[in-house]
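Overview (structure and organization)
Each chain, letter by letter, is given below.
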Amino acid sequence: MDSNNEMDMTVPPDKEMSFLESVNLTFDMALTTLDIPEGMGQYIKNVNNVYQVRFPVKINGVVETFIGWRAVHSDHRLPAKGGIRFSQMVNQDEVEALAALMSYKCALVDIPFGGSKGGLLIDPKQYERESMEKITRRFAFELIQKDYIGSGINVPAPDMGTGQREMSWIASTYMAHRPNDINHLACVTGKPVSAGGIQGRVEATGRGVVFGIREFFRYPEDVKLAKMEGNSIEGKEVIIQGLGNVGYYTAKILDEEDGAKITGILEWDGAVYDKNGLNVEEVFQYKIENGGGIKGYPKGKFTENSAELLEEECDILIPAAIEGVINQSNAGRIRAKLIAEAANGPVTFKAETILNEMGVVIIPDVYLNAGGVTVSYFEWIKNLSHIRFGRMNKRYEENQNNLLIKAIEQSGTKVPQELIAQIGQGPAEIDLVRSGLDDTMRIAFQGIRERFWSNEKVGSYRIAAMAISIEKIYNSYRLMGIYP
Ligand code: GLU
């Protein structure tokens, strides 16, 4: 699988109930903590519209028919936003559940978008690059025709099985069909920087996950709740499931910047474990050089059945692949203190009930993986304003900072050289993106924990996060006059 893909897949989802049912049950629980008219709650919960399309593409002289979906869960804010997934397990239920999560995610972190998601039923590994381009462009065309793509209506992004390459094909298809749209680049996010993308989008979801975990560790009360000590990630044992784009950056940043010990890495073809910590970059390079798998990685202990490692003892378990991997069949055996959901929907509704009783704390997907869409928002703004961040102010700020250093030195204090190098620089696009992302993740977690600790009816971070999202969506519909 392309290492640029937003998410990777390892263990198939559990079939105890559908993904959408699981998301909706959480919604219902959150709704009971709010004072919102029942009818409005039902309206917010359900998907507004979904488009299903079948289209033919000639591959090596043979016509193949493909099936895809784009669901809009909520358009209380426009455009509706969310990734496009290419996978063999895509179906309408999954796309609708993911679209709903997008609405809640955007509302929670104050990104002014509605929620949407797309999916194409395909195994991208089975097709050559040229065929993938044909299929992607044709799918994009079908969505453009029905107004399911456009900078002001609906803006796709990468998800499982898609990455910069596909986003660039979508943007170019859109441009070919809407040549008069001056904002054509804003029709999709997650593009390569050279094709209108933004610095820091590829790492965004993973970096957002790390910012979220860092914020959690700033609150001793919360750390204690997860039966841990200290106020930092340093030395914490982490097991990560899925070394796709999200898992890779999460693990790499935790390892290299936060001093965490990545003791386990799970992939579709097995898992490696080393109590002393694995070198994430090394495992990742091995994966790239060995057809996308980690089987045969020479260090640590290898287990063929990767799901077993989900049950290994650790401080933080990070599922970063697909929905439903922690379900009622394995939840009771989880030995992690904290589950940090980097993927969408990795813990099922039933599993969460079991884990709550066991005292395992969960930082929910709806919050924790919002980094991707947050930086997508920055990219969209960059495209609409037709200028990169930092272009106007970088040098100005640099000059001002240097003047300040000069003034300090003239007053007789010598500023150390390493500080001059740091202070003397104006912000580049990547600095601003990371700063905006950090701020977004911090503020959102503060809201969640406040709701969690202040309202007895709110039994988990997930319910707190959902309640905040529902309230925000409800308020924007109400202000628009849509009220039963
Ligand atoms: N696919 C990502 C998600 O599930 C990103 C969506 C976006 O950037 O619009 O959040």
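Residues numbered from 1 in each chain as written. Predicted model: local features only at pLDDT ≥ 70, side-chain atom pairs only at ≥ 80, totals over all residues. Heavy atoms only, no water.

**Some points on the overall build of the protein chain**
Broken down by element type, the protein chain carries 16 helices and twelve strands. Dimensions of the protein chain, computed from C-alpha atoms along their principal axes, come out at roughly 75 × 55 × 55 Å. Taking the contacts inside the protein chain whose residues are at least 6 apart along the sequence as the reference set, 71% of them involve residues at least 24 apart. With an accessible surface of roughly 19,700 Å², the protein chain has 50% of that area assigned to carbon and sulfur atoms. Side-chain charges in the protein chain split into 52 positive and 64 negative, and the spacing between the mean points of these groups amounts to 4 Å. (Helix = DSSP H or I, 4+ residues; strand = E, 2+ residues; numbered from the N terminus. Contact = heavy atoms within 4.5 Å. Areas by Shrake-Rupley, 256 points an atom, 1.4 Å probe, with all protein chains shown as cover. Lys, Arg positive; Asp, Glu negative; His and termini not counted. Charge placed at Lys NZ, Arg CZ, Asp CG, Glu CD.)

**Here's the deal with the sheet that holds strand 3 (residues 80-87)**
Strand order across the open sheet formed by five strands is 1-2-4-3-5, with mixed pairing between neighbours. The open sheet has two edge strands, strand 1 (49-59) and strand 5 (154-158), and neither has a second partner. Averaged over all pairs of adjacent strands, the angle between their axes in this sheet comes to 25 degrees, without regard to strand direction. Examined bridge by bridge, strand 3 and strand 5 share five bridges and lie parallel to one another. (Pairing = 2+ DSSP bridges. Axes fitted to C-alpha atoms, helices over the stretch in contact; angles between N-to-C directions.)

**Let's talk about helix 1 (residues 19-31)**
Along its 13 residues, helix 1 runs 18 Å from first to last C-alpha, staying within 8% of the 18 Å computed at 1.5 Å per residue. Of the positions making up helix 1, those classed as buried are Phe19, Leu20, Ser22, Val23, Asn24, Thr26, Phe27, Ala30 and Leu31. In this fold, the buried residues of helix 1 make contact with helix 2 (38-45), helix 3 (92-108), helix 10 (349-358) and helix 16 (461-480). (Expected span 1.5 Å × (residues − 1). Buried < 20%, exposed > 50% of the residue type's maximum accessible area, 1.4 Å probe, protein only.)

**What to know about the state of the cysteines**
As enumerated under the stated definition, the model contains zero disulfides in all. Between Cys106, a free cysteine, and Cys187, which holds the nearest cysteine sulfur, the sulfur-to-sulfur gap is 17 Å. For Cys106, a relative accessible area of 0% translates into the label buried. (Disulfide = S-S within 2.5 Å.)

**Quick notes on the site of the ligand**
Neighbouring the ligand are 15 residues; Lys81, Lys105, Pro158, Asp159 and Ser376 lie closest to it. Between the ligand and Lys105 there is a distance of 2.7 Å, counted from an oxygen atom to a side-chain nitrogen or oxygen. Here Asp159 contributes a side-chain N or O atom positioned 2.8 Å from a nitrogen atom of the ligand. When the free accessible area of the ligand is taken as 290 Å², the share hidden by the protein chains comes to 100%. Secondary structure elements with two or more residues in the shell around the ligand: strand 3, helix 3, strand 5 and helix 12 (371-385). Partitioned by chemical class, the residues of the shell around the ligand number four nonpolar, five polar and six charged. (Near = heavy atom within 4 Å. Polar contact = N/O pair within 3.5 Å; in protein donor to acceptor, adjacent residues only side chain to side chain. Nonpolar A, V, L, I, M, F, W, Y, C, P; charged D, E, K, R; others polar.)

**So, the pairing of strand 2 (residues 62-74)**
Here strand 1 runs beside strand 2; their pairing, made up of eleven bridges, is antiparallel. For Gln52, the partnering residue across the bridge sits in strand 2 and is Trp69. Where strand 1 folds back onto strand 2 in an antiparallel hairpin, the turn is made up of two residues, including Asn60, whose phi is positive at roughly 45 degrees. Note that strand 2 and strand 4 (residues 114-121) share six bridges and pair antiparallel. Of the residues in strand 4, the one forming a bridge with Ala71 is Lys117.

**Section: the pattern of salt bridges**
Summed over the entire model, instances satisfying the criterion amount to 39 salt bridges. The shortest N-O distance in the salt bridge between Arg137 and Glu133 comes to 2.9 Å. Of this pair, Arg137 and Glu133 are both found in helix 4 (residues 129-145), four residues apart, which corresponds to roughly one turn of the helix. Judged by relative accessible area, Arg137 falls into the partly exposed class, the value being 26%. Between Lys275 and Glu237 there is a salt bridge, with the nearest N and O atoms lying 3.0 Å from each other. With Lys275 in the loop between strand 8 (270-273) and helix 9 (280-289) and Glu237 in strand 6 (residues 237-241), this pair connects stretches of sequence that are 38 residues apart. Since its relative accessible area comes to 45%, Lys275 is described here as partly exposed. Members of the salt-bridge network, linked through shared partners, are Glu203, Arg207, Arg214, Glu257, Asp258 and Arg434. (Salt bridge = Lys/Arg side-chain N within 4 Å of Asp/Glu carboxyl O.)

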